Amino acid sequence: MINCIVVDDEAHAIELLTLHIEQTPFLKLAGSAMNPAEALQILNTTEVDLIFLDIQMPGMSGVEFLPLLNDRYKVILTTAFREYALDGFDHNVVDYLLKPIFFPRFLKAVQRAQEIISLSTKDAEDDFIMVKTEYKGKLIKIKTQDIVYIEGKGKYVCFHTKDGEQILALLNIGGLENKLPGDYFLRIHKSFIIAVPFIMMIHGNLVQLEFTKNQIPIGQTYRESFMNQMLGKVITNKKEEGPE
């Protein structure tokens with residue numbers, strides 16, 4: 001999941017982008033701001049991956065705001081004037097959207113952002129995380145490729161690995177979700193994050209994973225987004241479908 005914010009001094013522009021974000025399964029709106037100062041407050045308190053940034057704003061323009069971001073975030077510029085959009089490419093932005101922003105063009109831009117963000121995380125197989133366990137604050141290294149699913153347990157999370165090990169760590173599942181590679185892990189329930197490569201079967205509101213007999217429930221809040229992503233991976237045998 002890509003967390004994003006919208007920065008624009010026009011309320012109707014924020015409303016339109018909010019609608020587009022809500023229609024895109026891999027995007028999550030983390031907040032909106034009507035000027036760069038408000039945006040900084042959000043960035044200081046919230047995990048954000050992608051910023052939709054208006055170029056023309058009173059006080060400080062989007063282009064003037066870009067250097068303050070220190071390349072920590074991916075940025076898609078928005079503008080009503082085509083000539084201003086070119087300024088943003090001096091700051092290595094992902095794309096620019098010309099207002100009025102129509103959904104097909106929006107989707108093309110965010111898919112490009114998704115690819116860039118995925119590449120920046122590298123392959124999950126090469127990654128690992130260090131977690132603080134419940135035992136005297138001991139730090140343990142866990143290879144990402146070994147994690148089958150993660151279970152939230154209040155102030156703790158439990159990492160279930162391929163070898164059957166269960167590692168209890170002092171972490172919040174919400175905060176952990178934002179730090180995991182979103183193309184490899186998916187949150188499907190308020191208490192569960194699963195590793196996509198280990199999905200064996202989806203039956204009703206349950207997911208069966210490899211290396212475990214436990215079936216993971218799909219929460220109502222996450223079901224639509226999860227199923228949309230899974231349907232995109234379905235391969236259909238046209239020969240068995242019969243004539244159209």
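In what follows, the structure referred to is the one given above.
Being a predicted model, the structure only gives us computed values, none of them experimental.

Trainee: Lay out the nonpolar core in plain terms, naming residues and giving numbers.
Mentor: The biggest cluster of nonpolar side chains holds 31 residues, and the ones touching the most others in it are Phe 159, Ile 194, Leu 209 and Phe 226. Excluding residues within four positions of it along the chain, Phe 159 makes contact with Ile 129, Val 131, Ile 142, Ile 147, Tyr 149, Ile 150, Glu 165, Gln 166, Ile 167, Ala 169, Leu 171 and Leu 176. Among the nonpolar cores identified, the runner-up in size contains 20 residues, and Val 7, Ile 42, Ile 51 and Ile 55 belong to it.

Trainee: Tell me what's going on with the packing of aromatic side chains, and back it up with residues and numbers.
Mentor: To describe a pair of aromatic rings, you give the distance between the ring centres and the angle between the ring planes. Using the criterion set out here, one finds 5 aromatic pairs in the structure. Measuring from ring centre to ring centre gives 6.1 Å for Tyr 149 and Phe 192, while their planes differ by 50°; the resulting arrangement is tilted. Of the two residues, Tyr 149 is situated in strand 8 (residues 147-153) and Phe 192 in strand 12 (residues 192-195); the sequence distance between them amounts to 43 residues. Its relative accessible area of 12% is what places Phe 192 among the buried residues. Considering the side-chain rings of Phe 198 and Phe 211, the 5.4 Å spacing of their centres and the 90° angle between planes classify their relative orientation as edge-to-face. Of this pair, Phe 198 sits in the loop between strand 12 and strand 13 (199-203) while Phe 211 sits in the loop between strand 14 (206-209) and strand 15 (215-217); the two residues are 13 residues apart in sequence, bridging distant segments of the chain.

Trainee: Can you tell me about the sheet that holds strand 10 (residues 166-169), naming the residues and giving the values?
Mentor: If you walk across this open sheet you meet the 5 strands as 10-9-8-12-11, and the pairing is antiparallel. Looking along the sheet, the strands with just one partner apiece sit at the ends: strand 10 and strand 11 (185-189). Averaged over all pairs of adjacent strands, the angle between their axes in this sheet comes to 20°, without regard to strand direction. Pairing geometry for strand 8 and strand 12, over 3 bridges, is antiparallel. Within the sheet, the bridge partner assigned to Tyr 149 lies in strand 12 and is Ile 194. The strands that helix 7 (residues 220-231) touches are strand 11 and strand 12; relative to strand 11, the one it contacts most, it runs at about 140°.

Quick notes on the rules
Residues numbered from 1 in each chain as written. Predicted model: local features only at pLDDT ≥ 70, side-chain atom pairs only at ≥ 80, totals over all residues. Heavy atoms only, no water. Core = buried A, V, L, I, M, F, W, Y, C linked by side-chain atoms within 4.5 Å. Buried < 20%, exposed > 50% of the residue type's maximum accessible area, 1.4 Å probe, protein only. Contact = heavy atoms within 4.5 Å. Phe/Tyr/Trp six-rings, centres within 6.5 Å; stacked < 30°, edge-to-face > 60°. Helix = DSSP H or I, 4+ residues; strand = E, 2+ residues; numbered from the N terminus. Pairing = 2+ DSSP bridges. Axes fitted to C-alpha atoms, helices over the stretch in contact; angles between N-to-C directions.

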